[in-house]
Number of protein chains: 2
Amino acid sequence: MFLATTIKDIAKMAGVSAATVSRVLANKEGFFGSSTAKKVREAAAKLGYRKNTSATELVTRKSHDLAVIVNATKTNFSNHIIDGIQAAAFPKDLNVIILYAGDFDAERQRRAINTAVNRSVMGILLLSVEVNDDNLDLLKSAQIPFCFLSISETDESLPFITSDDEEVGYLATKYLYQQGHRNIGIAGINYKNAITGELRLHGYKRALKEFKLQENPDWISAGDYSYESGELAMSTYGRNTKLTGIIAGSDMAAIGIMNQARSLGLSVPDDISIVAIDGTELCEIVQPQLTSVSQSFYEMGTLGVDWLLNKDKKVTKTITPIKVIERQSVKRLTGKNSF
Amino acid sequence: MFLATTIKDIAKMAGVSAATVSRVLANKEGFFGSSTAKKVREAAAKLGYRKNTSATELVTRKSHDLAVIVNATKTNFSNHIIDGIQAAAFPKDLNVIILYAGDFDAERQRRAINTAVNRSVMGILLLSVEVNDDNLDLLKSAQIPFCFLSISETDESLPFITSDDEEVGYLATKYLYQQGHRNIGIAGINYKNAITGELRLHGYKRALKEFKLQENPDWISAGDYSYESGELAMSTYGRNTKLTGIIAGSDMAAIGIMNQARSLGLSVPDDISIVAIDGTELCEIVQPQLTSVSQSFYEMGTLGVDWLLNKDKKVTKTITPIKVIERQSVKRLTGKNSF
DNA sequence: CTGTTAGCGCGTTCAA
DNA sequence: TTGAACGCGCTAACAG
């Protein structure tokens, strides 16, 4: 069997004690002389020494690893959040390890949480994953700081960083209204037992009320933010729908809506306008480009790391900015139809 | 400070020795009685015990973790490979931890490799990451099995699993030829100091030769598989290009080409045909849908795990299947122009 | 089937 | 500035 070189090997070669090697390698300034340091470092290099993380973590009881738990949903914005996390973690010398949990798969979720917890990582960031009560308990009992990203929580004690989801729904609706739309639908969002979706729907309804627009249950189409749920919604609305504007739960859902509209012989944005929620690069590569309510994903990531690093964990709710990015999928309506 | 409960605590509560607790919790069948097992499990549950992975790994010198190192390139097929890895790893009770290495960022790459190696994971899978010599040495010296995925290697001793990249280039070209195209370009691939790209280009040239087609240096456009490199290639070709068919290095590059063609007033596929290399879901959500040479990403993932688990590491080169998926971005040419 | 003992590799006292 | 000794939590060998 292969045995990795340990500090003892280095100690022997350098003619010092293991303790000294430990000190040098950990850069405990002031606890060793420069000549011994040199001997130790040379020996370490020659032997190809690599520190055993398990041993270190066992004795220090702390880790330089930051776990990110991602669900496997076919969302494409996770990358942006992860980019933000990496960017913030790198200068702090934190290693980011990413763990996938299945969608709504409690067992995989549990395993992901467990691997993080059992390694006593310094913190856990959960990317748009909804945990059940058992797994939440698991998380809480571990005494490791954690924070939800890109998801809203009702429980005030749970820390999360995300967009103001109510405002997202409101803003998308308001934008369409301002562009002259009066018959506005919302599709592809999950508002059943999922706070994020509920809030967006609520914002949508609030805008409807404020602008005295008709609320039509047929125009609210539940889904899971997927391409397919967009397609399905649009085919349910049908070719002869009275809708002129649709809010899509995600970029992917928006594309599903758009393609299905085209299949039905409808033109975007001439016959039907679409506002996507998210605003990732997908909005820019489809034709026409999608107007979106864009979220600050990258920032969610950096703020997440900041939060974990911050001693003061009193703030549990952090809101990142959103804004409408106008592209090509919304037509401005004028004339008697709309005014 | 918070102290986690250990097997000693359980031992005390259950009135047995720590060794017995260890056996029960590790399910060493046949080494404990059912009554003691029950006592132990109850105590463990009551105390909210969680195994300390560092301690276990320290003594057993092995890990149930499988590290996947991903580069940060904006490729979108990594998810499929990772899905395959997860699927193969789950039933084997392996935890998959994903580490991001920057693009061509040797330092981040080193850190990613180090975190994997220092934890003595059971294996390392590298997803389309090209390592420099130093990092390759690091990898080799660790005595941990590793395998490159979705990338070709020339060094026969390095294990890798990917498509036959030469064949990818050949097949795409041949397909266009069979559809009546005679002026065929290739764009968005990196064939400078990158084996994968070199091979694809080689396959392209081989097909050209075989079918006695003209090879025009202007039709070969280097790039980095990105959307932008597709855009750039197309605008360099220009509106009046003699090309009728273009092979794109990736789905994203294909979309870049398509959108730029449209900007130039060219219609896809009527004026210009495109074959994308990869065949991810992006091909199906754009309009027109992209015909592609599709790779078996999911399978690369499952095979990668199999390879790590396999005792016999003699086979270093594994090829996964490719095939042309016909969609809507290639027009069949007939008439004197082409025949 | 179970307890005792030893030690994985490292960091950290305490003495010197 | 350095070394000896101890222990982190756990598993493995051995004895019973």
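Residues numbered from 1 in each chain as written. Chains lettered and ligands numbered in written order. Predicted model: local features only at pLDDT ≥ 70, side-chain atom pairs only at ≥ 80, totals over all residues. Heavy atoms only, no water.

Next up on the list: the relation of the copies chain A and chain B. When chain A is fitted to chain B, the residual RMSD is 0.3 Å, and the transformation amounts to a turn of 180 degrees plus an axial shift of 0.2 Å. With respect to symmetry, the two chain copies, as superposed, fit the operation of a two-fold axis. When you check the interface residues of chain A against chain B, 100% turn up at the interface there too, and the contact is symmetric in its surfaces. (Least-squares fit on C-alpha atoms with pLDDT ≥ 70 in both. Contact = heavy atoms within 4.5 Å.)

Bringing the sheet that holds strand β10 (residues 291-295) of chain B into the picture now. All names here are of chain B. Ordered by their spatial adjacency, six strands build an open sheet running β7-β6-β8-β9-β10-β12, and the pairing between neighbours is mixed. In this open sheet, the two strands that pair with only one neighbour each are β7 (220-222) and β12 (322-325). Geometrically, the sheet is characterised by an average inter-axis angle of 15 degrees between neighbouring strands, direction not taken into account. Where β10 and β12 come together, four bridges link them in antiparallel fashion. Bridge assignment links V293 to a residue of β12, and that residue is V324. Here helix α9 (residues 195-210) sits on the sheet in contact with β6 (184-189), β7, β8 (245-248), β9 (273-278) and β10, set at roughly 180 degrees to β6. The strands that helix α11 (residues 251-263) touches are β6, β8 and β9; relative to β9, the one it contacts most, it runs at about 160 degrees. (Pairing = 2+ DSSP bridges. Helix = DSSP H or I, 4+ residues; strand = E, 2+ residues; numbered from the N terminus. Axes fitted to C-alpha atoms, helices over the stretch in contact; angles between N-to-C directions.)

Moving on, we come to the pattern of salt bridges. All names here are of chain A. Following the criterion strictly, the structure yields 22 salt bridges over all chains and no others. Where R108 meets D105, a salt bridge forms, and the shortest distance between an N and an O atom there is 3.8 Å. Judged by relative accessible area, which is 22%, R108 ranks as partly exposed. Residue class for D105 comes out partly exposed when judged on its relative accessible area of 27%. Note that R200 and D165 form a salt bridge whose closest N and O atoms lie 3.0 Å from each other. Of this pair, R200 sits in helix α9 (residues 195-210) while D165 sits in helix α8 (residues 165-178), placing them 35 residues apart in sequence. (Salt bridge = Lys/Arg side-chain N within 4 Å of Asp/Glu carboxyl O. Buried < 20%, exposed > 50% of the residue type's maximum accessible area, 1.4 Å probe, protein only.)

Looking now at the protein's contact with DNA strand D. DNA strand D sits among 26 residues. The nearest are T20, R23 and R61 of chain A together with S22 and Y49 of chain B. Atoms of DNA strand D within 4 Å of the protein belong to the sugar or the phosphate in 72% of instances, the rest to bases. Between DNA strand D and I7 of chain B there is a distance of 2.7 Å, counted from a phosphate oxygen to a backbone nitrogen or oxygen. Between DNA strand D and Y49 of chain B there is a distance of 2.3 Å, counted from a phosphate oxygen to a side-chain nitrogen or oxygen. Listing elements by their share of the surface near DNA strand D, those giving two or more residues are α2 (18-25) and α4 (53-60) of chain A together with α2 (18-25) and α4 (53-60) of chain B. Among the elements that take part in the surface near DNA strand D, α4 of chain B stands out by supplying four residues, more than any other. (Near = heavy atom within 4 Å. Polar contact = N/O pair within 3.5 Å; in protein donor to acceptor, adjacent residues only side chain to side chain.)

So, on to the domain arrangement of chain A. Residues and elements named next belong to chain A. We note that the domain assignment places domain 1 (7-51), domain 2 (65-162 + 297-320) and domain 3 (165-295) within chain A. Domain 2 and domain 3 are separated by 28 Å when their C-alpha centres are compared. Opposite the 11 residues of domain 2 that make contact, domain 3 presents 11 residues. With both sides pooled, the region where domain 2 packs onto domain 3 buries about 990 Å², and carbon together with sulfur makes up 49% of that total. The interface formed by domain 2 and domain 3 includes zero salt bridges. Counting across the domain 2 and domain 3 interface gives four residue pairs in polar contact (both at pLDDT 80 or more). (Domains from an automatic or database assignment. Buried area = accessible area lost by both parts, 1.4 Å probe.)

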